[in-house]
Amino acid sequence: MKKDIQAQIARAKELYGELFSECNNDIKSAKISDKTKNLIQEVLTKSRGILDQLFYQFFIDCFPETTEQEKKQLYFPICQNKQNFEKNKNVVKLVKSHKKFCLLLEEIQPYHKKNEWLLDLVKYVNERHRNLTQVVHLERKLLIIGNPSSASYINT
C-alpha cells in the first residue's frame with residue numbers, strides 16, 4: 001500500500017480516537033458538542049476518501065494508460081443494486097482482467113445485508129456542503145444482575 005494512503009488511514013484512526021473521546025465527554029455533559037459534529041463529518045469524509053483513493057490506485061496500477069479525463073471518474077463504486085454495479089464502467093473494465101477483485105467489490109455493496117452503511121456514508125459525506133451531520137444523543141442503561149462472568153443483562 002502506498003505511503004500516502006497509509007498516512008490517510010493513520011489520520012482516520014487519530015480522528016476516530018478523538019471522536020471516541022469527544023463522545024465520552026458528550027455523554028457526561030448530556031449535550032452533543034459542535035466539536036463532536038465536526039469530528040463525525042471529518043471521520044466520514046476521510047473514510048470515503050480512503051475508499052476512493054484505494055480504488056483509484058488499484059485501477060491506475062491495473063490500467064496505467066488511463067487518461068486524465070478517465071482518472072477524474074474513478075471512485076470507489078457504491079451501488080444501490082446489482083444492475084447498477086454491473087453497469088458501472090470502471091467495474092466493467094476491471095472484471096475482464098481482475099474478476100476476483102470485482103467479486104470482492106460486489107460482495108461489499110450496500111444491497112447486501114450488513115453493508116447498507118455504505119449508502120449512509122455516501123449520504124452524510126454528500127451533506128457536508130450544506131450542514132454538519134445531524135446527531136441525536138441516545139443513552140441506554142444496562143441493568144446487570146449477578147456477577148460479570150454469569151450475569152443477566154437487561155436493557156432499560
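Residues numbered from 1 in each chain as written. Predicted model: local features only at pLDDT ≥ 70, side-chain atom pairs only at ≥ 80, totals over all residues. Heavy atoms only, no water.

Caption draft 1: Broad picture of the packing of aromatic side chains. Counted under the stated rule, the structure contains five aromatic pairs. Measuring from centroid to centroid gives 3.9 Å for Phe58 and Phe101, while their planes differ by 25 degrees, and the two rings are stacked. Residue Phe58 is located in helix H2 (residues 34-62), and its partner Phe101 is located in helix H6 (residues 99-107); the two are separated by 43 residues in the primary sequence. The exposure class of Phe101 is partly exposed, given its relative accessible area of 21%. Geometrically, the ring pair formed by Phe59 and Phe63 is tilted, given 5.0 Å between the ring centres and 50 degrees between the ring planes. (Phe/Tyr/Trp six-rings, centres within 6.5 Å; stacked < 30°, edge-to-face > 60°. Helix = DSSP H or I, 4+ residues; strand = E, 2+ residues; numbered from the N terminus. Buried < 20%, exposed > 50% of the residue type's maximum accessible area, 1.4 Å probe, protein only.)

Caption draft 2: Highlighting the nonpolar core. Counting residues in hydrophobic clusters, the biggest one holds 22 residues, and the most contacted among them are Phe55, Phe59 and Leu94. Looking at this core, the elements that each hand over two or more residues are helix H1 (3-29), H2, helix H5 (89-97), H6 and helix H7 (117-126). (Core = buried A, V, L, I, M, F, W, Y, C linked by side-chain atoms within 4.5 Å.)

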